[in-house]
Amino acid sequence: MNHTDKPFMKPLSDLTLMDRFLFACAMEDPVILQMVLEIILDKEIHLKEWTQAEKELRTAPWLRSVRLDVISVDYEDNLYNTEVQKKNTGNLQKRSRFYQALIDSSLLAPGDTPTCQPDQVQ
């Protein structure tokens, strides 16, 4: 908010990929997201056409939910959650683990158990 209590809007020309709006718009394009992931991960990736920005994950209506910045899948069924972090809020490790747990649980069918045993996790 600015001094007049009205939301401040940056001109489009002033936005960077660190701004949520531009990040979501750019990363919803599978070609752009694929290029960014290949640069970050230093490997070739072939994304399916499906990408979704601002995806909400909730395990139950009364439980806490998360909103993932951009989520996509490649042809090997690897899921990519791409998040932008503008500033360090001090909780990145806990938030990342919570996001990963919700993603993992959403990939399991009801009644399934993970195949990885705790002593196999590195």
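Within every chain, residues take consecutive numbers counted from 1 along the sequence as written. Under the rules for a predicted model, residues below a pLDDT of 70 receive no local features and side-chain atom pairs below 80 are neither given nor counted, while totals for whole chains, interfaces and linings still include all residues. For the side-chain quantities, the full set of heavy atoms in the structure was used; hydrogens and water were omitted.

*Asks:* Just checking my understanding: could you explain helix α3 (residues 92–107) for this structure?
*Replies:* Owing to its 3.6 residues per turn, the α-helix brings residues three or four apart onto one side. The terminal C-alpha atoms of α3 lie 22 Å apart, and with 16 residues this matches the ideal 22 Å at 1.5 Å per residue to within 8%. Only protein chains enter the accessibility calculation, which uses a 1.4 Å probe. A residue is then buried if its area is under 20% of the maximum for its type, exposed if over 50%, and partly exposed in between. Numbering of helices and strands runs from the N terminus; a helix is a DSSP stretch of H or I covering at least four residues, while a strand is a stretch of E covering at least two. Listed as buried for α3 are Y99, L102 and I103. Within α3, the buried residues cover an arc of 100° as seen down the axis, which keeps them to one side. In this structure, α3 carries Q93, K94 and R97 as exposed residues pointing more than 90 degrees from its buried face. Here, two residues are considered to be in contact whenever any of their heavy atoms come within 4.5 Å of each other. Residues of α3 that are buried make contact with β1 (47–58), β2 (65–74) and β3 (79–82). Expected helix span is given by 1.5 Å per residue-to-residue step, counting one fewer step than there are residues. When we speak of the arc, we mean the arc of directions from the helix axis to the C-beta atoms.

*Asks:* I keep staring at the environment of N91 and nothing clicks. Help me out?
*Replies:* Inspection of the secondary structure puts N91 in the loop between β3 and α3. Pairs of N or O atoms are called polar contacts if they sit within 3.5 Å, as long as, within protein, a hydrogen donor faces a hydrogen acceptor (for residues adjacent in sequence, only side-chain-to-side-chain pairs). For N91, the side chain forms a polar contact with the side chain of T89, separated by 2.5 Å.

*Asks:* How do you make sense of the nonpolar core when you look at a structure like this?
*Replies:* Grouped burial of nonpolar side chains is what soluble globular proteins tend to show. Throughout, nonpolar core names a set of buried Ala, Val, Leu, Ile, Met, Phe, Trp, Tyr and Cys residues whose side chains join them through atoms within 4.5 Å. Counting residues in each nonpolar core, the largest one holds 12 residues, listed as F23, A24, A26, M27, L33, L37, I45, L47, A53, V70, Y80 and V84. At the level of elements, α1 (20–27), α2 (30–41) and β1 are the ones that each hand at least two residues to this core. When residues in this core are grouped by element, the largest group, 4 residues, is from α1. Contacts of A26, omitting those with residues within four sequence positions, involve L17 and I32. In this structure, L57, I71, Y99 and I103 belong to the second largest nonpolar core, which totals 7 residues.

*Asks:* Help me understand the pattern of salt bridges, please; the structure alone is not making it clear to me.
*Replies:* When the charged atoms of two side chains with opposite charge come close together, those side chains can pair. Here a salt bridge means any side-chain nitrogen of Lys or Arg lying within 4 Å of a carboxyl oxygen belonging to Asp or Glu. In this structure the tally under the stated criterion is 5 salt bridges. Linking D19 and K86 is a salt bridge whose minimum nitrogen-to-oxygen distance equals 3.2 Å. Taken together, the positions of D19 in the segment before α1 and K86 in the loop between β3 and α3 put the pair 67 residues apart, joining distant regions of the chain. Residues D77 and K48 are paired through a salt bridge, measuring 2.9 Å at the closest nitrogen-oxygen approach.

*Asks:* Which parts of the structure should I look at to understand the sheet that holds β1?
*Replies:* Hydrogen bonds between backbone groups are what pair the strands of a sheet, and the pairing can be parallel or antiparallel. Here, a strand pair is defined by DSSP locating no fewer than two bridges between the strands. Taken in spatial order, the 3 strands of this open sheet run β1-β2-β3, and their pairing is antiparallel. Each of the sheet's edge strands pairs with one partner strand only, and the pair in question is β1 and β3. On average, each strand axis in the sheet is tilted by 30° relative to the strand beside it, whichever way the strands run. Note that β1 and β2 share 8 bridges and pair antiparallel. Opposite K55, over in β2, you have L68 as the bridge partner. Axis definition: a line fitted to C-alpha atoms, limited for helices to the stretch in contact. Angles are taken between N-to-C directions and run from 0 to 180 degrees. Packing of α3 onto the sheet brings it into contact with β1, β2 and β3, and relative to β2 it is tilted by some 60°.

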